[in-house]
Amino acid sequence: MTLHLDSEDLTTCVGCGLCLPHCPTFRVTGEEALSPRGRIAAMRAVEWEGAPVTESFVEFMSTCVQCRGCEPACPSGVRYGSLQERVRETLAASGRITPWWQRLGFAALSRHRLLLVGSSLLAVAQRLRLVPRAVGLPQLPVRRGPAVRATGTDVWIYTGCVMDAWMRGTHRSLAVVLDHLGVGYAVADGGCCGALHTHAGLGDDARRLAQRVIASMPGEAPILIDSAGCGAAMKDYGHLLGTDEARAFSARVLDAHEYLAPRVAQLTPQRHLGRVVVQDPCHLRHVQKAHGAVRTVLAMVADLSELDDDGLCCGAGGAYSALEPDLAGAMRERKVAAIGRTGCGVVASANPGCAMHLGAAGLTVRHPLDLLAEAL
Ligand code: SF4
Ligand code: SF4
């Protein structure tokens, strides 16, 4: 089997091992095969030496949380995320990963009304204790409140799928902040961005969803995203689709904090929120490198504490916490311990997956935009 990998990407790794301490799966297991270097060696064996795609190979790949913490640590500039996505697409196409039930779940993400109704039913079932904890679902909201209504055309607010179904209040918080700044917003109904499909190796689905999202936000106005995973995926549409239109679209995408950071001094908060510890979602820190903007925004309303764990992944990783609960749990334990060392009672996280994963461990996790809107 060929993995259809870019040979130059594979060649770039010099095996120095500088990425290993930045890899959460290596940190919790100590296994070379579960490190970036080990995984690249396994890819090379299949791609260059014709080694078979064994169950072990599939495990090495599927245990990668795709946090991309290895990329900024790599002096050779290995594009590990791109390698991992290509491998997954090949494995998914041959039925080695992403079973039918998972594909069914992802299909629901692209049907927004179905997702809203299904989420409400699940939330009620959770209250009635009909959903086993072992399923790994976070506590879903029974009420999600009204959707944000457009006020102008200065920027687009992208509402997405899970974020809108489970954390719609954060979209309203972004709208509140923009109202205070006098910025008018249009609201997109393009649906799911396809980030989870890309992670699961469902490239064709991801490309179809990307095209739908692009069509939903015409013009040149900036596109504001309040979910780190969605923002990272949409900034990568140019690479995913390979068209000038997609590249132009991606250039308009901003994490909401990137848009707000240069404007936040115009705001006049009514209260100060005390100490808050910042948790950096991997796709905000390692991929978008927008973690500084989050701090600029939050510092307006809170005293910030920092973690001492080098930004290691918390284990949420899209559907990873449900698919690899043991590894995800071990990563979360390390994150919870690091948060505990700060002595802060409130954690700020700009990604719904991280917020729910850490919230399920009993922590109080708030989106930075919810904190900002509250202080206004
Ligand atoms: S993406 Fe994350 S889990 Fe995967 S190899 Fe890189 S650092 Fe490790
Ligand atoms: S840091 Fe880069 S070059 Fe070094 S082993 Fe890791 S991926 Fe390879």
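Predicted model only: the values in this text are computed from it and were never measured. (Residues numbered from 1 in each chain as written. Chains lettered and ligands numbered in written order. Predicted model: local features only at pLDDT ≥ 70, side-chain atom pairs only at ≥ 80, totals over all residues. Heavy atoms only, no water.)

Caption draft 1: The site of ligand 1, seen in detail. Contacts to ligand 1 come from 14 residues, most closely from Cys23, Cys64, Cys67, Arg68 and Cys70. Put simply, the parts of the chain that give the shell around ligand 1 at least two residues each are helix H2 (24-29) and helix H3 (36-49). The residue inventory of the shell around ligand 1, partitioned by class, reads 8 nonpolar, 4 polar and 2 charged. (Near = heavy atom within 4 Å. Helix = DSSP H or I, 4+ residues; strand = E, 2+ residues; numbered from the N terminus. Nonpolar A, V, L, I, M, F, W, Y, C, P; charged D, E, K, R; others polar.)

Caption draft 2: Representation of the side chain of Thr198 in the model. Structurally, Thr198 is set in helix H11 (residues 195-199). Relative accessible area serves as the criterion here: at 17%, Thr198 is assigned to the buried category. (Buried < 20%, exposed > 50% of the residue type's maximum accessible area, 1.4 Å probe, protein only.)

Caption draft 3: Representation of the sheet that holds strand S2 (residues 185-188). Strands sit in the order S2-S1-S3-S4 across an open sheet of 4 strands; the sheet is parallel. One side of each edge strand has no neighbouring strand; the edge strands of this open sheet are S2 and strand S4 (253-255). This sheet shows a mean twist of 35° between the axes of neighbouring strands, independent of strand direction. Two strands pair when backbone bridges link them, and strand S1 (residues 155-158) and S2 are joined in this way by 4 bridges, in the parallel orientation. Bridge pairing in S2 links Val155 to Tyr185. Across the sheet, helix H10 (residues 168-181) is in contact with S1, S2 and strand S3 (223-225); its angle to S1 comes to roughly 160°. Along the sheet face, helix H13 (residues 228-235) touches S1, S3 and S4 and points at about 155° away from the line of S4. (Pairing = 2+ DSSP bridges. Axes fitted to C-alpha atoms, helices over the stretch in contact; angles between N-to-C directions. Contact = heavy atoms within 4.5 Å.)

Caption draft 4: Focus on the nonpolar core. Of all hydrophobic cores here, the largest spans 53 residues; its most connected members are Met43, Phe57, Val87 and Leu91. Where this core is concerned, the elements lending two or more residues are H3, helix H4 (55-62), helix H6 (80-93), helix H7 (100-109), helix H8 (112-127), helix H9 (162-166), helix H20 (325-342) and helix H21 (352-359). Examining the composition of this core, we find that 5 residues originate from one element, H6, more than from any other. Among all residues touching Met43, those that are not within four sequence positions of it are Leu3, Leu5, Leu10, Phe57, Met61, Tyr80, Leu83, Gln84 and Val87. Judged by nonpolar contacts, the second largest core, of 37 residues, contains Leu178, Leu181, Val276 and Ala293. (Core = buried A, V, L, I, M, F, W, Y, C linked by side-chain atoms within 4.5 Å.)

Caption draft 5: Representation of H8. Between its first and last C-alpha atoms H8 spans 23 Å; for 16 residues at 1.5 Å apiece the expected length is 22 Å, and the two agree. Of the positions making up H8, those classed as buried are Leu115, Leu116, Ser119, Ala123, Ala125 and Gln126. The secondary structure elements touched by the buried residues of H8 are H7, H9 and H10. Looking one or two residues beyond H8, the residue adopting positive phi is Arg129, at roughly 60°. (Expected span 1.5 Å × (residues − 1).)

Caption draft 6: A look at the site of ligand 2. Near ligand 2 there are 13 residues, and of these Cys13, Cys16, Gly17, Cys19 and Cys74 occur at the shortest range. Looking at the shell around ligand 2, its residues break down into 9 nonpolar, 3 polar and 1 charged.

Caption draft 7: Seen up close, the packing of H3 against H4. In contact at an axis separation of 10 Å, H3 and H4 are set at 140° when each is read in the N-to-C sense. Classified by the angle between their axes, H3 and H4 sit oblique to one another. For the pair H3 and H4, the sense of crossing is left-handed. Seen from H3, the contacting residues are Arg39, Ala42, Met43 and Val46; seen from H4, they are Phe57, Phe60 and Met61. Residues that form the contact of H3 with H4 fall into these classes: 6 nonpolar, no polar and 1 charged. (Parallel < 35°, antiparallel > 145°, perpendicular 65-115°, else oblique. Left-handed = near helix turned anticlockwise from the far one by under 90°.)

Caption draft 8: Expanded view of the pattern of salt bridges. Applying the stated criterion across every chain yields a total of 19 salt bridges. A salt bridge links Arg86 to Glu89; its shortest N-O distance comes to 3.8 Å. With Arg86 and Glu89 both in helix H6 and 3 residues apart, the pair spans about one turn of that helix. Of the residues examined, Glu89 reaches a relative accessible area of 21% and is grouped as partly exposed. (Salt bridge = Lys/Arg side-chain N within 4 Å of Asp/Glu carboxyl O.)

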